[in-house]
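Fold and geometry: a report
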Amino acid sequence: MTDTIFPPCDPRLIEAIRNTEAAAVIAHRNPDGDALYSSLAMREVLSSLGKECLLLNEGPFLRDDIRLLEGEFSAEADKSFIERDPLVIILDCSTEDRPGTPFIPLKGLKRIVIDHHSSGVPFAEDGMSYIVPESPSTTLLVDTVRIALGVELTERMAGYLYRGFATDTGFYHFLTERTAPESLRKAAAFTEAGVSPYDVYDEMHDGRKLQDLKDTASMILAAEPHFGGRIITAYQSPEMMNARLSDGVYATLLQAEGVEGIIFIKDKGDSLEIGFRAKNRSTLDVGAIAAALGGGGHRKAAGATISGLDPGKAKGMLLSMVAAALGIHTGE
Ligand SMILES: [Mn+2]
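Looking at the domain arrangement of the chain
Each assigned domain of the chain is listed here: domain 1 (11–203) and domain 2 (210–326). Computed from C-alpha coordinates alone, the two centres of domain 1 and domain 2 are separated by 27 Å. Facing the twelve residues of domain 1 at the interface are twelve residues of domain 2. When its residues are assigned to classes, the side of domain 1 that touches domain 2 shows two nonpolar, seven polar and three charged.

Focus on the pairing of strand β8 (residues 261–267)
Counting buried residues along β8, six of its seven residues qualify, which places the element largely inside the surrounding structure. In this structure, strand β7 (residues 231–236) lies alongside β8, joined through six bridges in parallel fashion. Residue Ile231 lies in a different strand from β8, and its bridge partner there is Gly261. Summarising the sheet, β8 and strand β9 (residues 272–278) pair through seven bridges and their orientation is antiparallel. Residue Ile263 lies in a different strand from β9, and its bridge partner there is Phe276. Counted along the chain from β8 to the antiparallel partner β9, the turn is four residues long, and its residue Gly269 has a positive phi close to 90 degrees.

Regarding helix α11 (residues 311–326)
Compared with an ideal rise of 1.5 Å per residue, which puts 16 residues at 22 Å, α11 spans 22 Å between its outermost C-alpha atoms and is within 8% of the ideal. Turning to α11, its buried residues are Ala314, Leu318 and Val322. Buried residues of α11, seen end-on, are gathered within an arc of 65 degrees and therefore sit on one face of the element. More than 90 degrees from the buried face of α11, the exposed residues found are Gly312, Lys313 and Ala324. Looking at the buried positions of α11, the neighbouring elements they touch are β7, β8, β9, α10 (286–292) and β11 (301–306). Of the residues trailing α11, Gly327 is marked for its positive phi of about 75 degrees.

Re helix α4 (residues 138–148)
Where burial is concerned, most of α4 is hidden: nine out of the eleven residues are buried. Three or more residues of α4 are buried, namely Thr138, Thr139, Leu140, Leu141, Val142, Asp143, Thr144, Val145 and Arg146.

Regarding the nonpolar core
Ala24, Val25, Ala41, Ile89, Leu91, Ile112 and Leu161 are the most contacted members of the largest nonpolar core, which has 55 residues in total. Considering every element that reaches this core, the biggest residue donor is helix α2 (residues 33–48), with eight residues. Ala24 has contacts with Leu54, Leu56, Ala77, Pro86, Val88 and Leu106, leaving out every residue within four places of it along the chain. With 26 residues, the next largest nonpolar core counts Ala234, Ala290, Ala291 and Val322 among its residues.

Topic: the sheet that holds strand β6 (residues 224–226)
Hydrogen bonding along the main chain pairs the strands of a sheet, whether they run parallel or antiparallel. With mixed pairing, the six strands of this open sheet are ordered in space as β6-β7-β8-β9-β11-β10. The sheet is open, and its two edges are formed by β6 and β10 (296–297), each paired on a single side. Summarising the sheet, β6 and β7 pair through three bridges and their orientation is antiparallel. Of the residues in β7, the one forming a bridge with Glu224 is Thr233. In the packing of helix α9 (residues 245–253) onto the sheet, contacts are made with β7, β8 and β9, and the angle to β8 comes to roughly 155 degrees. Packed on one face of the sheet, α11 meets β6, β7, β8, β9 and β11 and runs near 155 degrees to β8.

Observations concerning the packing of α4 against helix α5 (residues 155–168)
Helices that pack against each other are described as a pair by the angle of their axes relative to one another and the distance between those axes. Close contact between α4 and α5 brings their axes to 7 Å; oriented N to C, the two are set at 145 degrees. Seen from α4, the contacting residues are Thr138, Thr139, Leu140, Val142 and Asp143; seen from α5, they are Tyr160, Leu161, Gly164 and Phe165. Here the contact of α4 with α5 is built from residues that sort into five nonpolar, three polar and one charged.

Some words on the environment of Glu273
Along the chain, the position of Glu273 falls in strand β9. Classification of Glu273 as partly exposed rests on a count of 18 C-beta atoms within 10 Å. As for Glu273 and Thr95, which are separated by 178 residues in sequence, their C-alpha atoms are 17 Å apart. In contact with Glu273, other than residues within four places in its own chain, are Lys266, Lys268, Gly303 and Thr305.

Conventions used here
- Residues numbered from 1 in each chain as written.
- Predicted model: local features only at pLDDT ≥ 70, side-chain atom pairs only at ≥ 80, totals over all residues.
- Domains from an automatic or database assignment.
- Contact = placed C-beta atoms within 7 Å.
- Nonpolar A, V, L, I, M, F, W, Y, C, P; charged D, E, K, R; others polar.
- Buried ≥ 20, exposed ≤ 12 C-beta atoms within 10 Å, placed from the backbone.
- Helix = DSSP H or I, 4+ residues; strand = E, 2+ residues; numbered from the N terminus.
- Pairing = 2+ DSSP bridges.
- Expected span 1.5 Å × (residues − 1).
- Arc of directions from axis to C-beta.
- Core = buried A, V, L, I, M, F, W, Y, C linked by C-beta atoms within 7 Å.
- Axes fitted to C-alpha atoms, helices over the stretch in contact; angles between N-to-C directions.

Structure below.
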């Protein structure tokens, strides 16, 4: 470990940004706050260097906290833009398939990757990645790139950088002794540039639909404890499609006595989206379990998509994987 969680990024990556006239910025499909706000922050950085920037995202923009951002993003780059040979800047993606469909026609172009996931396969040329698993959000890495480029922090940029940081850390909850000091120093700079943490928190939490709160409650009511309550499973039916509901389910179930991890099965009808969360005090590394399923994420928060299994069978398989990771003998 180095003594900073934000090591300098490769000068070749900085040069690639400096030398391009246009850039296509793209984050992962099924985006969250960090994906979209790191994209928006990168656009601000590029604009202040006089570069043209196209924001791409596959969507969907379902979650309440990101719905209003949809208008800033395009689903695809048009031919004339691609012909200008833009630099492709990929954010918050641990594997090449994460950006989804907007990336397909851009695969032949020069690319850089900026990401903070712990698993994944590097998919940029040597020197063109800035991958820092210790960073609590991709926006904080965009901030490090901003500083390397000598771009001044504006209030608008700070607002985007702060929002990605706040959402990916559950408003500071997931910071550790190791990650907190430097991250909060960056956050302090964002507030000095004019961001109000109080207003951002309210903007992102108010205005929930009563039905969504009731659906969240019904999933909590149906949650099941396993292995003496060390693991809790929850299930979201295809009728409850608002992806934002998972935040409330995790936050509540992770408060249960003795719980170490949550397995959340979201039934999309034709496939199952699996979410994992683990307590910081548990040895459980859900990033490794998700990676074994072809997904990815972090040690304490990760996800994967599986198909060809009904929810009951999937639950059995996931529980045995978690039991093996925790050294629990299930008697099978
Ligand atoms: Mn992220």
